[in-house]
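# Understanding the architecture of this molecule
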Amino acid sequence: MAKRLILYLSADEHLLYRAERTALELEGSFSADEAGLDAFRDYLQGARGALFAVLADLAGEDFHEEQIPAVRGSDREALLARRLAQRYRDTRLVTALSLGQVLAPERRNERVLLASFTNTQQLSQWLDALEEAGARLAGVYSAPLLAPALASALGARDARVLVVSANRAGLRQCYVENGRLRFARLERTGELPPEALGRFVRSETQRLVQYLVTLRALPRDAGPMQVLVIAPPGQRAVFEQALHSDGRLTFRTIDYSDALRAVKLRRPPEGGGTEALFVHLAAQKPPREQFANRDERRRYLLWQLQRGIVAAGAAAFCLCLLLGGSRWLDVLNVRSATAEQRELARTAAQQYARITSSFPVTDTSTENLKAAVVEFRRIAERSSDPELAFTHISRVLQKFPQVELETLRWSVGKPGEVRLAPTRTASPGAADPVETLVVVEISGRVNATQRNDYRGITAQVQRFASALVGEGYELVRTQLPFDVTSEGVLSGDIGSAAESGEAPRFTVVIGQRLR
Amino acid sequence: MRLTRDEARQLATPLVLALAFTLAGAALVWSAGEALRGAKRNFATAQTERRQNTERLARIAEEEREVKEKIDLYQRLKTLHILGEEQRLEWADAIARIRKERELLDLRYTVERKRLLTSVAAKPGNVDFYASAMKVDLALLHEEDLLRFLADLRESGNAYYAVKKCALMRTGQPISGASMTPRLSADCEIDLITIVDPAKK
């Protein structure tokens, strides 16, 4: 943190204060002559990096009210610069304070209070010293510029307030109208006893009010004006005796210690006067308006820019930290929920294991047991035994003694795997998908029948095939020893002596659905 | 305010600092985001596991009934050594024994290489069903011999014998008085099915 130093300039002596948040400490004292200036230059050699502000508490401060057209931005700046240049020959230390807008007959105007010092020389040398030392100058203020902030801190509620304080430089009187500085003056006091100082305050206040009325800065029929008088330490009672209110002035005397509390200055400099209040306000609540120009404050503005950039980075980091922190909180919540889910899963698994431990003893896991048995059953359902088919055929054959069996082919499989004739007999439920099929192909001969007796052979084979149907078997195909269909060729050799003695062969195919 | 070269240089350090702050913050946010995504993934996994375990627990009564219903068959598969690795020597012994006991005339067989029939997903590991195709040629005096052979084979265990094909035909050989002449011949294809259960104790 950079050291913040306030150079308090009065006509006789210049004091350098080090400001902290709620404390002021006297850092050095310099006489208002060449020797003091040299000492200040020497001091500056060892104060690199400090932030300086100058608080002038000098007589000869000029205030002049003007009206300018109500414009903004660079136009306003240019207009004010021109007015200030017209008003003051030396524009090094000038400023313009806005007093609000007024509605003129034709246009809207802004009331401004132009302010400067009649003798800037007494300030310039010290500002030059700061410039030569490369010091960072935050601003040049005068005690009156801080008066509105002081009045506000002291709880002034009236529209017109006169703030009076006995500073080291003299009796400072500041007229504040609607929270804005309107006029100020400094009257040297010298070494006066408290009673005399009280009387002096009263007489000077009456004079100032008269002057303000003359200037028309204060309406003649404005009623009693509140005067806030900050009494030096231990002199409040004496001041209150001297400052009794009348029809024009309402005095309110404030003890120095109360004023310190009001501006939140807990540790004032030892031996300091009421100027400490102004110094503290210059350090902690500097007003926007001040006398130094932009070039004189350049190093300070650069310092502000540097701090601003770092602060922006830090702010971005803090924002990310907040966002990241929020996400980490979410992570913790999710992890906690995950742990809860895992605990529930573990409990369920333990419960399952405990219950299954009472199951019949198996040599495998429950899932493997189920998988093995279910799949085995499926395989077994798709298997068959040829004995069943053989028994069935044997039983039918007993009824057909003229049929002699030659070959029996039994097979089981999916419809694509076993041989099926294209002219398959339709049967009830044929539309149902068939998973496994038993197919038996029976080849044999028909004995005791003339080979040329087509009708007789056909009838016998048909009867035999019909007898095979039943007990789950369906007729798949019948192949006669000759082709009696219209697509085939039918031939005969009736009465021929060279007739073959071989019995005619036939084939019957039956099928059984397993599933 | 127009900056001079020297003033611009004086802003370099603050700019680097600000950039470092910003990058550090961004890294923090990114790492927190990654951690959050990871945590959400873990949460989803844990939630699924919890749901599965809870559902399994809810089905436990049905499971108990299933176990009771299936345990007998499983034990029988185990007793018959259908569960377990193939016992090819046992198969050969069994066929030789059946031939001898049934006084079969001629018996030739070949057992093919084992093939995976199906693999059923289970926990802790899949249950694999293997099949080895066996081709048998038999010379028979009577068709009953084939049926008895198949029945004996089934009784011998060490596999589940799923007959795929069987053809029975006359040999046409004339019967001679001196020796036993086979009247029939049979050739069959039989799948010898075994089950490998990795969880079996």
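Read on for a plain summary of the structure.

Calculation criteria
- Residues numbered from 1 in each chain as written.
- Chains lettered and ligands numbered in written order.
- Predicted model: local features only at pLDDT ≥ 70, side-chain atom pairs only at ≥ 80, totals over all residues.
- Helix = DSSP H or I, 4+ residues; strand = E, 2+ residues; numbered from the N terminus.
- Buried ≥ 20, exposed ≤ 12 C-beta atoms within 10 Å, placed from the backbone.
- Contact = placed C-beta atoms within 7 Å.
- Expected span 1.5 Å × (residues − 1).
- Pairing = 2+ DSSP bridges.
- Axes fitted to C-alpha atoms, helices over the stretch in contact; angles between N-to-C directions.

Okay, the overall build of chain B next. For chain B, the count of helices and strands is five helices and five strands. The N-to-C order of helical and strand elements in chain B reads α-α-α-α-β-β-β-α-β-β. Every one of the 201 residues in chain B was classed for burial, and the buried ones make up 23%. Contacts in chain B between residues at least 24 apart in sequence constitute 68% of all its contacts with a sequence separation of at least 6.

Next up on the list: helix α10 (residues 366-381) of chain A. With 16 residues, α10(A) ought to run about 22 Å at 1.5 Å a step, and its terminal C-alpha atoms sit 22 Å apart, in line with that. Residues Thr366(A), Asn368(A), Leu369(A), Lys370(A), Ala371(A), Ala372(A), Val373(A) and Phe376(A) constitute the buried set of α10(A). Summarising the contacts, the buried residues of α10(A) are in contact with α9 (298-356) of chain A together with α3 (60-79), β2 (115-120), β3 (127-140) and β5 (184-196) of chain B.

Our focus in this paragraph is the sheet that holds strand β11 (residues 180-187) of chain A. Sheet strands line up and pair through hydrogen bonds in the backbone, either parallel or antiparallel. All names here are of chain A. Pairing is mixed across the open sheet formed by five strands, whose spatial order is β11-β10-β9-β12-β13. With one partner strand each, in any of the chains shown, β11 and β13 (249-255) form the two edges of the open sheet. Strand-to-strand twist of the sheet, defined as the mean angle between neighbouring strand axes without regard to direction, takes the value 20°. Bridge analysis of strand β9 (residues 160-166) against strand β12 (residues 225-231) gives five bridges, and the strand direction is parallel. Residue pairing for β12: Val164 is matched across the bridge by Val229. Sitting on the sheet, helix α4 (residues 143-153) touches β9, β10 (171-177), β11 and β12, and the angle it makes with β11 is about 120°.

All names here are of chain A. In spatial order, the strands read β3-β2-β1-β4-β8; together these five strands make up an open sheet with mixed pairing. Sheet topology places β3 (24-31) and β8 (136-142) at the edges, where each strand pairs with a single neighbour. Taken over all neighbouring pairs, the strand axes of this sheet differ in orientation by 20° on average, direction set aside. For strand β1 (residues 4-9) and strand β4 (residues 51-56), the ladder comprises six bridges, and the chain directions are parallel. Looking at the pairing, Leu9 lines up with Ala56 of β4. In this fold helix α3 (residues 121-132) packs onto β1, β4 and β8, with an angle of close to 180° to the strand it touches most, β4. Running at roughly 80° to β8, α4 makes contact with β4 and β8 of the sheet.

Residue and element names in this part refer to chain A. Across the 10 residues of strand β15 (residues 437-446), eight count as buried, placing the element largely inside the fold. Judged from the 10 bridges that link them, strand β14 (residues 403-413) and β15 form a sheet pairing that is antiparallel. Bridge pairing in β15 places Trp410 opposite Val440. Here β15 runs beside strand β17 (residues 505-513); their pairing, made up of nine bridges, is antiparallel. Bridge pairing links Arg445 to Arg505 in β17.

Turning next to the environment of Ser98(A). Residues and elements named next belong to chain A. With respect to the helices and strands, Ser98 occurs in strand β6 (residues 94-103). For Ser98, a count of 15 C-beta atoms within 10 Å puts it in the partly exposed group. With 13 residues separating them along the chain, Ser98 and Arg111 place their C-alpha atoms 6.1 Å apart. Setting aside its immediate chain neighbours within four residues, Ser98 contacts Glu110 and Val112.

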